[in-house]
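Report on the structure
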Amino acid sequence: MSESTLRRMANVNGEITPLEDARISILDRGFLYGDSVYEVFRTYDGVPLFCHEHFDRMDNSARLIHMKISQSREEMLEEIRRTAVAANVPKGIDIYVRWHVTRGSGALDLVPARDLVSTFVIILKEVPKWKPEFYSSGMRLAVTCVRRNPVEALSPDIKSGNYLNNILGVAEAVELGADDCLMLNPAGLLTEASNSNVFFVIDGRLVTPNVESGVLRGITKAAIAKLGEETGYPLHEQKLPSAQLSKATECFA
């Protein structure tokens, strides 16, 4: 492999290996139950985008699932740096960084032991590339029969490794010939795509489903809201019945 080639690497509890060689315990609760939280950022010109905001959201997700993260933020950032060094990131190449923190490994029991030490997994690879037609003609979204988990059952504010609800939604969308899903909540209100907030232009206003409808408090959404305030195009968060889709002139996620 040449010195200018990005190496796809993983870091599991400090052990750095090629991505395909990474291993975790089969007793890890993230593997067994999806008992984990995660975040993803990418770099632009070598600078992580919204790095601290992602760590703040991970802390909030861990709080909501009553999980103590054993590793400090400083320790995790240092492990990400070590992984980037091992990946031999070429100058001028941006990277995708994903890190999971699970509650740890223990007895095969739903009830977590009190002395668990959280497991961390860092994945570093190239930034995913979208299909060219997504930029030229857009994506196809399908409104699925699979509903978003209700807020009362599983808070969408938790960015967890338990993604089955989203997987079922996007799987149905693909079967319908679409590229991604647009999920409704049990009340028939618009929520999210499979892994992102959605935004619409309706009657000349920029709108997005509100938190009460069952959506993640998106970091990009917060940035769009701030930019809208500064430029005179405010973002309106509101309840959006599916019938409003016929009025949308633009949509992005």
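Up top you'll find the structure we're talking about.
Note that the structure is predicted; figures quoted are calculated from it, not measured.

The rules behind each value
- Per chain, residues are indexed from 1 in the order of the written sequence.
- Local features are withheld for residues below a pLDDT of 70 in this predicted model, meaning they are given only at 70 or higher, and side-chain atom pairs are given and counted only at 80 or more; totals for whole chains, interfaces and linings count all residues.
- The side-chain figures draw on all heavy atoms in the structure; neither hydrogens nor water molecules are used.
- Labels follow the DSSP assignment, with helices taken as runs of H or I lasting at least four residues and strands as runs of E lasting at least two, numbered in each case from the N terminus.
- Partly exposed describes any residue whose relative accessible area lies between the buried limit of under 20% and the exposed limit of over 50%, with all areas from a 1.4 Å probe on protein chains only and scaled to the type maximum.
- The contact criterion used is simple: two residues touch if any of their non-hydrogen atoms lie within 4.5 Å.
- Take the buried Ala, Val, Leu, Ile, Met, Phe, Trp, Tyr and Cys residues and link them wherever side-chain atoms come within 4.5 Å; each set so joined is a nonpolar core.
- When DSSP finds two or more bridges between a pair of strands, those strands are recorded as paired.
- Axes here mean lines fitted to C-alpha atoms, for a helix over just the part in contact, with angles spanning 0 to 180 degrees between N-to-C directions.

**Digging into the environment of Gly214**
Position of Gly214 among the secondary structure elements: in the loop between strand E10 (205–209) and helix H6 (219–231). When its relative accessible area of 1% is taken as the criterion, Gly214 is described as buried. The sequence separation of Gly214 and Pro186 amounts to 28 residues, and the corresponding C-alpha distance is 9.8 Å. The contact partners of Gly214, leaving out residues within four places of it in the chain, are Arg148, Val151, Pro156, Thr191 and Glu192.

**Brief notes about the nonpolar core**
Among the nonpolar cores identified, the biggest contains 23 residues, and Val97, Trp99 and Val101 are the most heavily contacted of them. Sorting the residues of this core by element identifies strand E3 (36–44), helix H2 (51–64), helix H3 (73–87), strand E5 (95–102) and strand E6 (119–126) as the ones contributing at least two each. Not counting residues within four places of it along the chain, the set of residues in contact with Trp99 comprises Val37, Tyr38, Glu39, Val40, Phe41, His54, Phe55, Met58, Met76, Ile80, Val121 and Ile122. Judged by nonpolar contacts, the second largest core, of nine residues, contains Leu182, Leu190, Ala193 and Leu240.

**Brief notes about the sheet that holds E10**
Spatial strand order, E11-E10-E9-E12: four strands in an open sheet with mixed pairing. Two strands lie at the open edges of the sheet, namely strand E11 (235–238) and strand E12 (248–252), each paired on one side alone. Neighbouring strand axes in the sheet, compared pairwise and without regard to direction, differ in orientation by 30° on average. As judged from the four bridges shared by E10 and E11, these two strands associate in the parallel manner. Within E11, the position partnered with Thr208 by the bridge is Glu237. Along the sheet, H6 contacts strand E9 (199–202), E10, E11 and E12; its crossing angle with E11, the most-contacted strand, is approximately 130°.

**Details of the sheet that holds strand E4 (residues 47–48)**
Ordered by their spatial adjacency, six strands build an open sheet running E2-E1-E6-E5-E3-E4, and the pairing between neighbours is antiparallel. Single-partner strands in this sheet number two, and they are strand E2 (15–18) and E4. Where E5 meets E6, eight bridges bridge the pair, whose relative direction is antiparallel. Its bridge partner lying in E6, Thr102 is registered against Thr119. Helix-sheet contacts for H2 involve E3, E4 and E5, and the interaxial angle to E3 is about 175°.

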